[in-house]
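Listed below are the residues making up each chain.
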Amino acid sequence: MALLDKFATARATRDQLRSGGHDPTQVVIDSIISPTEGMVEDRHTILAGTNNYLGLTLDPACVAAGIKAIETQGTGTTGSRMANGSFAAHAALERDLADFFGMPYGMVFSTGYAANLGTLVALLGPGDAVLLDADAHASLYDGCQMSGADIFRFRHNDVESLDKRLGRLGDRANNCLVITEGLYSVMGDTAPLSDIVALKKRHGALLLVDEAHSLGVYGDHGCGVAEAQGVMQDVDFFVGTFSKSLGAMGGFCVSPHEELDLVRYVSRPFIFTASSSPSIIASTHEALRQLKARPELRETLWRNAHRLYQGLQSHGFELGREVSPVVAVRLGPKDIALPFWNRLLEKGVYTNLMIPPASPDQHSYIRCSVSAAHTEEQVEAIIERFSQARAAD
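Predicted model, so just to flag it, every value in this text is computed and none were measured.

Let us now look at the packing of helix H7 (residues 159-169) against helix H8 (residues 193-203). The geometry of H7 relative to H8 is characterised by a closest axis approach of 10 Å and an angle of 15 degrees between their N-to-C directions. With respect to H8, the element H7 is oriented roughly parallel. For the pair H7 and H8, the sense of crossing is right-handed. Contacts between H7 and H8 involve Val 159, Leu 162, Asp 163, Leu 166 and Gly 167 from the first element and Asp 195, Ile 196, Leu 199, Arg 202 and His 203 from the second. Broken down by class, the residue content of the contact of H7 with H8 amounts to 5 nonpolar, 2 polar and 3 charged.

What the rule picks out here adds up to 9 aromatic pairs. Ring centres of Phe 101 and Phe 238 lie 5.1 Å apart, and the angle between their planes is 35 degrees; this geometry places the pair in the tilted category. Of this pair, Phe 101 sits in helix H4 (residues 88-101) while Phe 238 sits in strand S9 (residues 237-241), placing them 137 residues apart in sequence. Neither residue differs from the other here; Phe 101 and Phe 238 are each classed as buried. Judged by centre distance (6.2 Å) and plane angle (85 degrees), the ring pair of Phe 317 and Phe 340 falls under edge-to-face. You can see Phe 317 sitting in the loop between helix H13 (296-314) and strand S11 (318-319) and its partner Phe 340 sitting in helix H14 (residues 334-346), a full 23 residues away along the chain.

Under the defined criterion, the tally for this structure stands at 17 salt bridges. A salt bridge links Arg 172 to Asp 150, with the shortest nitrogen-to-oxygen separation between them at 2.8 Å. Of the two residues, Arg 172 sits in the loop between H7 and strand S7 (177-181) while Asp 150 sits in strand S6 (residues 150-154), which places them 22 residues apart along the sequence. Judged by relative accessible area, Asp 150 falls into the partly exposed class, the value being 31%. Here the salt bridges do not stand alone but share partners, grouping Arg 81, Glu 94, Asp 261 and Arg 264 into one network.

So, about the environment of Ile 32. Mapping Ile 32 onto the fold places it in strand S1 (residues 31-34). Exposure remark for Ile 32: the relative accessible area of 52% places this residue in the exposed category. Distance in space between the C-alpha atoms of Ile 32 and Leu 93 is 28 Å, their sequence separation being 61 residues. The residues contacting Ile 32, other than those within four sequence positions of it, are Glu 37, Gly 38, Leu 47 and Leu 58.

The rules behind these values
Residues numbered from 1 in each chain as written. Predicted model: local features only at pLDDT ≥ 70, side-chain atom pairs only at ≥ 80, totals over all residues. Heavy atoms only, no water. Axes fitted to C-alpha atoms, helices over the stretch in contact; angles between N-to-C directions. Helix = DSSP H or I, 4+ residues; strand = E, 2+ residues; numbered from the N terminus. Parallel < 35°, antiparallel > 145°, perpendicular 65-115°, else oblique. Left-handed = near helix turned anticlockwise from the far one by under 90°. Contact = heavy atoms within 4.5 Å. Nonpolar A, V, L, I, M, F, W, Y, C, P; charged D, E, K, R; others polar. Phe/Tyr/Trp six-rings, centres within 6.5 Å; stacked < 30°, edge-to-face > 60°. Buried < 20%, exposed > 50% of the residue type's maximum accessible area, 1.4 Å probe, protein only. Salt bridge = Lys/Arg side-chain N within 4 Å of Asp/Glu carboxyl O.

Note that all results are geometric; they support no functional claim without further evidence.
Right under this line is the structure:
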């Protein structure tokens, strides 16, 4: 096979997606009006698939912090932190993130993907065992595979399956790593962390929780699902991203283990990646302050989430089992979901199309992510246009 022949499958997928009118992977938002509105093909569009959970992307204080950082520190760091040195702002954000989670140690990475890769390739190696939820994010799988560890999957959110897997490991269960997410980004379901913690303790394992989609969303202080379930102090490593609730770009790991400070010496994705620009660090840090100071953002977010879930459910749509800011509408096969997604876009609602293999099963979904910045009128409009899109079938 010629080197480029492998792209035949990708070309067929692209052509199939384009056959519906718009390619869901190539939507261009020509201009941003607000955290929840944009212009797509000269059409005013409600943004209902951006993961902008707290609506902080255009928050005046966050924008001002980013502008000031550019004016005083420049547009970029031009290298990795190991080679070029850390800016004071990097270290300050690491300290505040660790404090936010009640942990003594923290690291900041350039992206959420790099945070997962960088943490896992440092923690794991050949001969180590890692137990990974079957629906875990691709970056978690990639980090485990790059590490060379032995990977064992357990059924999604299935405590019994995890217990059996741990039992089969025998002595290897002691000090193996269990990986789960807090809030799963496709179906909007949460991990049974309190049960997983009990298993972790019984088998002597370590636990890593990815709170990428649950940071700022769950818990009395917005720390995530582990806080909401009262098990924060039983988690060994938290990873997450700045590109959801904090409205920026980057990732992090915090931990009670002092070995996290040594990760920066051995993690290739950290050592060989340019550090985040001053403006991103500054806007992220300000967004963290906003998250802590404005609990009303979470209250509004959850009010909108319940309204969207209930509204779509009342119109007969099949949804995920849990109410959350991730609302997934199950539509069955791809040839039904693709035209449905196109009709929504043409009616001025941008959503995410999730089809196999990106979806967790063999069904296709239209995924919405609710924001605290959505108005009541926008939520009602999303519900109405879902109904209209189905009526046009």
